[in-house]
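Residue strings, one per chain:
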Amino acid sequence: MGKSVICLSDEEIALVRESSLLVGRTLAEVAGMIGPGVTTRELDTLAETFIRDHGGVPGFKGLYGCPSTLLISVDDAVVHGLPGDKPLEEGSIASVDCGVLMNEFYGDSAYTFMIGEVSEQAKRLLRVTQECLALGIAQAIDGNRVGDIGHAIQYHAEGHGYGVVRELVGHGVGRKLHEAPEVPNYGRRGQGVRLKTGMVLAIEPMINGGSKEVRQEPDGWTIVTRDGKQSAHFEHTVAVRDGKAEVLSTFEHIENVLRAKKSILN
Ligand code: MG
Ligand code: MG
């Protein structure tokens, strides 16, 4: 609070889009490799190499002491899971969050992957969380308020019996990864900071299959659900526009890879 909200020029927004697209292409590389038996450290190495080969710098690594390029949060981990040597297991879900810094601007996006075959409950949680993201983005228009975004996300998630995490929120994006304003995934219509054309926001619902309560693991990073239920996380970097928000990051490359993998298996 108190930090002033920055509006970016069209030229600056174009640079955020380039960084965000590199995030989307990096997550598509992750999509190609992720599966049962793969370690999250292998995914992290792949992502860092890909980002640096394409002229970017990992956006998280070194920030607030973050040791990795990706934050990978499996099952009951909500966000901020650190990559490690434990292989991913069939039936898990894994949120992969990635940031890129390029040309002085950040991009930030996250996608939750199914590891092999997952339960119907997990599929529903992922679908509803992605719907929450779309509903939040639809509110990111000039003249609305931050509370309109949060309300749309909260209403949809709670309508499905899910918990909306309160402790972690979306944020402005620009020359810093985390700019004002905070963008909570809960809120009241017509409340909070007024949205203006040129504001760039990371909208990132973190939705728990059970209650909204979370705690931090002793590693000082990983946030997990208190009830041990799975949690999902999808994130786009979005520019506020008049009439319709402009999504700067993309899941298109990720979903192309996932479709291709599925058709090979079937
Ligand atoms: Mg992120
Ligand atoms: Mg973010």
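Being a predicted model, the structure only gives us computed values, none of them experimental. Here the residue numbers are simple positions, counted from 1 along each chain's written sequence. Written order decides the labels, with chains lettered from A and ligands numbered from 1. Two thresholds apply to this predicted model, a pLDDT of at least 70 for residue-level local features and 80 or more for giving and counting side-chain atom pairs, whereas whole-chain, interface and lining totals are computed over all residues. Side-chain descriptors were evaluated using all non-hydrogen atoms of the structure, hydrogens and water having been removed beforehand.

Tell me about the pattern of salt bridges, residues and numbers included.
Salt bridge criterion: a side-chain nitrogen from Lys or Arg within 4 Å of a carboxyl oxygen from Asp or Glu. Throughout the structure, instances matching the rule amount to 15 salt bridges. Its salt-bridge partner being D85, residue R41 comes within 2.7 Å of it at the nearest N-O pair. Residue R41 is found in helix 2 (residues 40-53), and its partner D85 is found in the loop between strand 3 (77-79) and strand 4 (93-102); the two are separated by 44 residues along the sequence. Look at R41 and you get partly exposed, because its relative accessible area is 39%. By definition, any uninterrupted DSSP run of H or I lasting at least four residues is a helix, any uninterrupted run of E lasting at least two residues is a strand, and each is numbered from the N terminus. Residue exposure (1.4 Å probe, protein chains only): buried if accessible area is under 20% of the type maximum, exposed if over 50%, otherwise partly exposed.

Before we move on, can you summarise the packing of helix 3 (residues 120-138) against helix 4 (residues 146-159) with the specific residues and values?
A fitted line through C-alpha atoms represents every axis, and for helices the fit uses only the stretch in contact; the resulting angles, taken between N-to-C directions, go from 0 to 180 degrees. Following both chains from N to C, one finds helix 3 and helix 4 inclined at 155 degrees, their axes separated by 8 Å at the closest point. The orientation of helix 3 relative to helix 4 falls into the category roughly antiparallel. Here helix 3 runs over helix 4; the crossing is right-handed. Here helix 3 contributes V128, E131, C132, L135 and G136 to the contact with helix 4, which in turn contributes I149, A152, I153, H156 and A157. An angle counts as roughly parallel when it lies under 35 degrees, as roughly antiparallel when it exceeds 145, as roughly perpendicular when it falls between 65 and 115, and as oblique in every other case. If you view the pair so one helix is near and one far, a crossing is left-handed when the near helix is turned anticlockwise from the far one by less than a right angle, and right-handed when it is turned clockwise. A contact between two residues is defined here by any heavy atoms of the two lying within 4.5 Å.

Please set out the coordination of the magnesium ion (ligand 1) residue by residue, giving values where relevant.
Within the first shell, the magnesium ion (ligand 1) binds the protein through D97 (OD), D97 (OD), D108 (OD) and E235 (OE), at distances of 2.0 to 2.6 Å. With water omitted from the atoms examined, metal sites may look incomplete; donors here are N, O and S atoms no farther than 2.8 Å from the metal, or 3.2 Å in the case of Na, K and Ca. Taken in chain order, the donor set of the magnesium ion (ligand 1) reads D-x10-D-x126-E. Classification of D97 as buried rests on a relative accessible area of 7%.

Any details on the layout of surface pockets? Residues and values, ideally.
A water-sized probe rolled over the atoms picks out the places where empty space is left. Its volume calculated, the largest pocket comes out at about 710 Å³. In this analysis the probe radius is 1.4 Å and the grid spacing 1 Å, with only protein atoms considered; a cavity is a set of points the probe fits into but cannot get out of, a pocket is an open set with protein on both sides within 12 Å along at least five of seven lines, and lining residues have an atom within 4 Å of a point. Every residue lining the largest pocket is counted, 22 residues in all, and those nearest its centre are M114, G116, E117, L258 and K262. Of all the secondary structure elements, the ones that give two or more residues to the lining of the largest pocket are strand 5 (105-114), helix 3 and helix 5 (252-265). A per-element tally of the lining of the largest pocket places helix 5 first, with six residues. Amino acids outside the nonpolar list (Ala, Val, Leu, Ile, Met, Phe, Trp, Tyr, Cys, Pro) and the charged list (Asp, Glu, Lys, Arg) are all regarded as polar, and Gly is one of them. A class-by-class count of the residues in the lining of the largest pocket yields 10 nonpolar, five polar and seven charged. Grid points are joined across faces, edges and corners, and a volume is the space filled by probe spheres set on the points.

Function-wise, these values are silent; they only describe arrangement.
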